[in-house]
Amino acid sequence: MSRISVAIDWDGTASVNPKLYLQIAKMLKAAGMNVCIVTFRYHSEMEGELDPEWFEVITGLFCTERQAKDEYMRNLGIIIHQWWDDNPKSVYMSALEIW
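Because the structure is a prediction, the values reported are computed rather than measured.

Let us look at the side chain of Asp70. In this structure, Asp70 sits in helix 3 (residues 69-75). Under the relative-accessibility criterion, Asp70 is labelled buried at 9%. A distance of 2.8 Å separates polar atoms of two side chains, one belonging to Asp70 and the other to Arg74. Excluding residues within four positions of it along the chain, Asp70 makes contact with Trp83, Val91 and Tyr92.

Rendered as structure tokens:
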């Protein structure tokens, strides 16, 4: 069985309490899961946002540049099993489709 992959959104999710979500990410990783941050933002918008400790825990930081998150990740060959997102529409819809 492959490892479960969990995608945590940044804005409105992990950004609300980064220290708490970092601890959660550590627990998920310790349980054998892949953890990544997937955000609607552009790469330039994420510069300096995450404490360097995040990069010791997460598999990657993925900036979809307003594209639907699931399609973006699948195009990279990454299947996400659990989405933790305050805006579930962003998983399957682009920013233009939502707003």
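In this section: the sheet that holds strand 2 (residues 34-39). Strand-to-strand pairing in sheets goes through backbone hydrogen bonds, with the strands running parallel or antiparallel. With parallel pairing, four strands are arranged side by side in an open sheet as 3-2-1-4. In this open sheet, the two edge strands, each paired with only one partner strand, are strand 3 (60-63) and strand 4 (82-84). Each adjacent strand pair in this sheet contributes to an overall mean axis angle of 25 degrees, direction not counted. Here strand 1 (residues 5-8) runs beside strand 2; their pairing, made up of four bridges, is parallel. Directly across from Ser5, in strand 2, lies its bridge partner Asn34.

Conventions and cut-offs
Residues numbered from 1 in each chain as written. Predicted model: local features only at pLDDT ≥ 70, side-chain atom pairs only at ≥ 80, totals over all residues. Heavy atoms only, no water. Helix = DSSP H or I, 4+ residues; strand = E, 2+ residues; numbered from the N terminus. Buried < 20%, exposed > 50% of the residue type's maximum accessible area, 1.4 Å probe, protein only. Polar contact = N/O pair within 3.5 Å; in protein donor to acceptor, adjacent residues only side chain to side chain. Contact = heavy atoms within 4.5 Å. Pairing = 2+ DSSP bridges. Axes fitted to C-alpha atoms, helices over the stretch in contact; angles between N-to-C directions.

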